[in-house]
Amino acid sequence: MYDTSELTLEEKASLTSGGGFWTTASVGRAGVPSITVADGPHGVRLQAGEADHLAIAESLPATCFPPAVALGSSWDPDLAERVGAALGTEASAMGVSVLLGPGVNIKRSPLCGRNFEYLAEDPVVSGALGAALVRGIQSKGVGASLKHFAANNQETDRLRVSSDVDPRTLREIYLRAFERVVKDAAPWTVMASYNRINGVYASENRWLLTEVLREEWGFDGLVMSDWGAVSDRVGGVRAGLDLEMPASGGRTDARIVQAIRDGLLGEDELDAVTRRVLDLVERATAADRPSAPGIDQEAHHALAREAAARSIVLLKNDEGLLPLRRDADVAVIGEFARTPRFQGGGSSQVNPTKIDAPLDAIRAAAAGKVSFAPGFTLDGSADDARLRDEAVAAAAYAEVVVLFLGLPVTEESEGFDRTHLNLPAVQLELVDAVRAVNPRTVVVLSNGGVVVLPFAEDVAAIVEGWLLGQAGGSAVADVLYGSVNPSGRLAETIPWRLEDSPSFGNFPGELQHVRYGEGMFVGYRGYDARDSSVAYPFGHGLSYTTFSHDDLRVVAAGNGDLEVTVNVTNTGSVAGREVVQVYTSLRHSIVQRPPRELKGFALASLEPGETRAVTVTVRRRDLAYWDVRVDRWVLEPGTYRIEVGASSRDIRLSTDVDLAGERVEVELSLESGSDEILADPIAGPLFLEALVEHGMATDDQALRVLGMFPIGRMDGFPLPHDTAVELIARYRAAKNAGAPTPTPA
Ligand code: GLC
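Rules used throughout
- Residues numbered from 1 in each chain as written.
- Predicted model: local features only at pLDDT ≥ 70, side-chain atom pairs only at ≥ 80, totals over all residues.
- Heavy atoms only, no water.
- Helix = DSSP H or I, 4+ residues; strand = E, 2+ residues; numbered from the N terminus.
- Rg over C-alpha atoms; globule rule 2.2 N^0.38 Å.
- Buried < 20%, exposed > 50% of the residue type's maximum accessible area, 1.4 Å probe, protein only.
- Contact = heavy atoms within 4.5 Å.
- Lys, Arg positive; Asp, Glu negative; His and termini not counted.
- Charge placed at Lys NZ, Arg CZ, Asp CG, Glu CD.
- Pairing = 2+ DSSP bridges.
- Right-handed = clockwise from strand over helix to strand, strands pointing away.
- Expected span 1.5 Å × (residues − 1).
- Arc of directions from axis to C-beta.
- Salt bridge = Lys/Arg side-chain N within 4 Å of Asp/Glu carboxyl O.
- Axes fitted to C-alpha atoms, helices over the stretch in contact; angles between N-to-C directions.
- Near = heavy atom within 4 Å.
- Polar contact = N/O pair within 3.5 Å; in protein donor to acceptor, adjacent residues only side chain to side chain.
- Nonpolar A, V, L, I, M, F, W, Y, C, P; charged D, E, K, R; others polar.
- 1 Å grid on protein atoms, 1.4 Å probe; cavity = no way out; pocket = protein on both sides within 12 Å on 5 of 7 lines; lining within 4 Å.
- Points joined across faces, edges and corners; volume = space filled by probe spheres on them.
- pLDDT = per-residue confidence, 0-100.
- Core = buried A, V, L, I, M, F, W, Y, C linked by side-chain atoms within 4.5 Å.
- Parallel < 35°, antiparallel > 145°, perpendicular 65-115°, else oblique.
- Left-handed = near helix turned anticlockwise from the far one by under 90°.
- Phe/Tyr/Trp six-rings, centres within 6.5 Å; stacked < 30°, edge-to-face > 60°.
- Lys NZ or Arg CZ within 6 Å of the ring centre and 35° of its normal.

*Asks:* Honestly, the overall build of the protein chain in this entry has me stumped. Any pointers?
*Replies:* In terms of regular secondary structure, the protein chain is built from 22 helices and 28 strands. A compact globule built from 745 residues would reach a C-alpha radius of gyration of about 27 Å, and the protein chain, at 29 Å, matches this within 12%. Taken along its principal axes, the extent of the C-alpha atoms in the protein chain is 90 × 70 × 50 Å. Buried positions account for 61% of the 745 residues belonging to the protein chain. Sequence separation of at least 24 residues holds for 76% of the intrachain contacts in the protein chain that already meet a minimum separation of 6. If the 70 positive side-chain charges of the protein chain are averaged to one point and the 103 negative ones to another, these points end up 2 Å apart.

Put into structure tokens, the structure is as follows:
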């Protein structure tokens, strides 16, 4: 519809940066309109007046759905897609063409201040739910913006810090969710992150934005910057950054024009970028949107309530204290019950259409007496001792206590990271005082990032409520009284201590660098590799019913995927949902691997006594590792352990599957280690022969001591250099005579 050839150089350059804080530029002369973008990810934050990217200024009312930390705990792509569709409907009705979300960054450290806005510590969960959200949003003719690409896993110094990540970890952990979403859901846009990756800003990173995102993954949409992320706009054009946000007031447009005039940038490079901006505008203005779609706010509030209830994780429930009897006398304690915290601070902050407070919802659901005591203030402004005594008195006379604890908004937000994982001391003192007078205490948590739970063994029940969106208060009551049987599962490990977390010591880095020193061993991968005790493991979540798993079988599909099937039975007395989790591992691998890695999952809703065969597809590509010698994915041959678990540490069944895979052949040379030489069917015997000829022992111990000694440097040991040269020549001749050509090292 719009042709770059009809635009002047200045007009083309003007399109590559925002027209305003939330809009793209227009070119009136050519009839190119501007379009509006807005945050996301869990509700539309459209500012009518003053604009800012930290939700300082007001935004228009919109449904505040559960933030990602909650939705990620649902493990339910279908639910996420429905939430996405509702978000798309609201965005469309408000004239928003691109909703800035979902965020699929991995929760590398529990300290990250923005973990509430991300889905999981694992790329399979993040990818599956991220793709579902994108499908839902875009089903309404509104674009999504997959963010923050990539390795943006902290808030500290986020606009300058370099995430220093080794290639294999980058591919298998930090890029994987983005790859899954791009390939499975084709987001209209991707948002490049603030940070540098191994020293190069994401917004100027050609390897990231063009070679990987477009050429390898086939992304055909637009790449925009994060707000204020661009430092070298000309470098960004070369790298494949299409749209700088927000508007630069023409400053960087002029730089692009000058670079072209100076021959430092090709006009074809600008045309490619401008073309993608025009494509987005065309997509947005031509989108098949329902005409003047109204927003059914009640229906969306109901969906927010359903999604919140499905995101709640029941961590502990001794003696079946939950669900509560409706006629039980309840003491509700904690200011969060009256003043709920339901979303995170910063750019994602929505102005909700309504808010359900847990206290009101509990009062509406209960038939017995419901007392309330705040127990503490959120700003520490009152006499803690008096509030605690008042709460203890209420607890002493109640049949059961529901104690709401959590992180005040001052403890976590976009823009800064946490320095510890503790709940405020006043709350810890309160829980000790309350459970001392009433052991029938249920703790309900409101927190965006994980908190440590020193009282975990001292209270009867713990409900992890995360941040649940505007309808979270009703959702909590639904779960407490059993209207909803909880089915949430942890998408992030809850450790006993911060020091146990795998990234501890390498977070948040220093002097503008953060080393991803734990490599692949992030989250449960790290806790498991160290065999660390944790409070509650990845994938954990209780139900009001129980499930059994039987008859595990694995079938190889024609395309190399594995179809993992297990019979799941609801062995309890109420309907419930099980999240069947499939983990794999490979022992004796040529690369370091975590003890197990999630490769797929599926939900099963079962009536009491019902049995169903549940199949989880494990994609062949997801079994591969990234081989840094050949810079590509390789499926290693071997015996893979396939496990079905109710959590990463509650493995119910397992079996082994042999996969042929591919052994990467590396051309041997004088730099090859003796172990590589010995492993080769041609060079190995020649090498042993040479060792014997030169009087070297060849027993296992001797060869182990020899280790990986490059055979071209064994003159004094005492394999003469000429002998090594001759050996490699004989090996190559034999190879050339018939063996397949090995990949060069
Ligand atoms: C913020 C966030 C990004 C958001 C953007 C616009 O700084 O990093 O997620 O979409 O700016 O508010």
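*Asks:* Which parts of the structure should I look at to understand the pairing of strand β4 (residues 143-149)?
*Replies:* The side chains of a regular strand alternate between the sheet's two faces. Where burial is concerned, most of β4 is hidden: seven out of the seven residues are buried. Of the strand pairs in this sheet, strand β3 (residues 98-100) and β4 are connected by two bridges, and their pairing is parallel. Residue pairing in the sheet places L99 in a bridge with A144 of β4. Viewed along the sheet, the connection from β3 through helix α4 (residues 123-138) into β4 turns out right-handed. Of the pairings in the sheet, the one linking β4 to strand β6 (residues 189-192) comprises three bridges and is parallel in character. When the bridges of β6 are listed, S145 appears paired with T189.

*Asks:* What is the right way to look at helix α22 (residues 721-738) in this model?
*Replies:* Note on helix geometry: an α-helix contains 3.6 residues per turn, so any two residues three or four positions apart are oriented the same way. Here α22 is 18 residues long and its end C-alpha atoms lie 26 Å apart, about the 26 Å a rise of 1.5 Å per residue gives. When α22 is considered as a whole, its buried residues turn out to be T723, A724, L727, I728, Y731 and K735. Relative to the axis of α22, the buried residues are bounded by an arc of 135° and lie together on one face. For α22, the exposed residues set more than 90 degrees away from the buried face come down to D722, N736 and A737. Each element contacted by the buried residues of α22 is listed here: α19 (674-679) and α20 (683-693).

*Asks:* Help me understand the pattern of salt bridges, please; the structure alone is not making it clear to me.
*Replies:* Opposite charge on two side chains makes pairing possible when the charged atoms of those side chains draw close. Under the criterion given, the structure shown has 62 salt bridges. Among the salt bridges present, the one from D327 reaches R325, with a minimum N-O distance of 2.7 Å. With a relative accessible area of 43%, R325 lands in the partly exposed category. Between R629 and D627 there is a salt bridge whose closest N-O contact spans 2.7 Å.

*Asks:* Sorry, what's going on with the sheet that holds β3 here?
*Replies:* Paired through backbone hydrogen bonds, the strands of a sheet run either parallel or antiparallel to each other. Strand order across the open sheet formed by five strands is β1-β3-β4-β6-β9, with parallel pairing between neighbours. If you trace the sheet from one side to the other, it starts and ends with β1 (37-39) and β9 (222-225), each paired once. Pairwise comparison of adjacent strand axes, ignoring direction, gives a mean angle of 30° for this sheet. Two strands pair when backbone bridges link them, and β6 and β9 are joined in this way by four bridges, in the parallel orientation. Bridge pairing in β9 places V190 opposite V223.

*Asks:* Teacher, can you tell me more about the site of the ligand here?
*Replies:* The local shell around the ligand holds 15 residues, among which D39, R114, H148, Y194 and D226 are the closest. At a separation of 2.6 Å, an oxygen atom of the ligand approaches a polar side-chain atom of D39. Among the residues making up the shell around the ligand, the classes are represented as five nonpolar, three polar and seven charged.

*Asks:* Explanation requested: helix α14 (residues 384-396) in the structure shown.
*Replies:* Its 13 residues give α14 an end-to-end C-alpha distance of 18 Å, which sits within 8% of 18 Å, the value for a rise of 1.5 Å per residue. Taken together, the buried positions of α14 are L387, A391, V392, A394 and A395. Along α14, the residues classed as buried sweep out an arc of 160° about the axis, all on the same side. Measuring from the side-chain oxygen of the N-cap residue of α14 to the backbone nitrogen of A385 gives 3.0 Å; that N-cap residue is D383.

*Asks:* Sorry, what's going on with the layout of surface pockets here?
*Replies:* Unfilled space is identified by rolling a water-sized probe across the atoms. The space that makes up the largest pocket amounts to roughly 860 Å³. For the largest pocket, the lining is made up of 28 residues, of which I590, R629, V664, V666 and E676 are closest to its centre. Those elements that provide at least two residues to the lining of the largest pocket are β25 (625-627), α19 and α22. Of the residues contributing to the lining of the largest pocket, the split by class is 14 nonpolar, three polar and 11 charged. P77, A128, R135, F601 and A602 are, among the 23 residues lining the second largest pocket, the residues nearest its centre. Those elements that place two or more of their residues in the lining of the second largest pocket are α3 (77-93), α4, α6 (176-185), β23 (597-606) and β24 (611-618). Among the residues making up the lining of the second largest pocket, the classes are represented as nine nonpolar, three polar and 11 charged.

*Asks:* Teacher, can you tell me more about the confidence of the model for the protein chain here?
*Replies:* A low pLDDT score tells you not to read the predicted coordinates there in detail. Across the protein chain, pLDDT averages 95, with 98% of residues at or above 70. When mean pLDDT is compared element by element in the protein chain, β6 scores highest at 99, while helix α21 (residues 700-706) scores lowest at 88.

*Asks:* Even after reading the chapter, I still don't get the nonpolar core, so can you show me in this structure?
*Replies:* Side chains of a nonpolar character, in soluble globular proteins, are inclined to be buried together. In this structure, V125, F149 and L598 are the most contacted members of the largest nonpolar core, which totals 79 residues. Broken down by element, the residue count for this core peaks at nine residues, all from α4. Look past the residues within four positions of F149 in its chain and what remains in contact with it is L175, F178, V190, M191, A192, S193, A202, L208, L209, L213 and W217. In terms of nonpolar packing, the next biggest core, distinct from the first, is built from 72 residues, A309, I333, L405 and I462 among them.

*Asks:* Looking at this structure, how should I read the packing of helix α13 (residues 358-365) against helix α16 (residues 472-480)?
*Replies:* Contact geometry for α13 and α16: axes closest at 7 Å, N-to-C directions at 40°. As far as their axial angle goes, α16 and α13 are oblique. Considering only the axes of α13 and α16, their crossing is right-handed. In this structure, α13 contributes P358, A361 and I362 to the contact, and α16 contributes G473, S474, A477 and L480. Considering only residue class, the contact of α13 with α16 consists of five nonpolar, two polar and no charged.

*Asks:* I keep staring at the sheet that holds strand β20 (residues 547-556) and nothing clicks. Help me out?
*Replies:* Pairing is antiparallel across the open sheet formed by three strands, whose spatial order is β20-β21-β24. Only two strands of the sheet have a single partner each, and these edge strands are β20 and β24. Between one strand axis and the next, the sheet turns through 20° on average, direction left out of account.

*Asks:* I'm lost on the side chain of N115 in this one. Help?
*Replies:* Structurally, N115 can be placed in the loop between β3 and α4. Setting aside chain neighbours within four positions, we find N115 in contact with V69, K107, S109, P110, G448 and E492.

*Asks:* What is the right way to read the packing of aromatic side chains from this model?
*Replies:* Any aromatic ring pair is given by two values, namely how distant the centres are and how the planes are angled relative to each other. If you walk through the whole model with that rule in mind, you get 11 aromatic pairs. Both rings, one in W75 and one in F601, keep their centres 5.1 Å apart while their planes meet at 70°; by these two values the pair is edge-to-face. Placement of W75 in the loop between α2 (68-74) and α3 and of F601 in strand β23 is noted, with a sequence separation of 526 residues between them. Each member of the pair, W75 as well as F601, is classed as buried. By way of ring pairs, the aromatic residues W75, Y524, F538, Y583 and F601 are connected into one cluster. R196 extends its terminal NZ or CZ atom over the ring of Y201, reaching a point 5.6 Å from the ring centre. In this structure, R621 is placed above the aromatic ring of W633, and the distance from its NZ or CZ to the ring centre is 3.8 Å.

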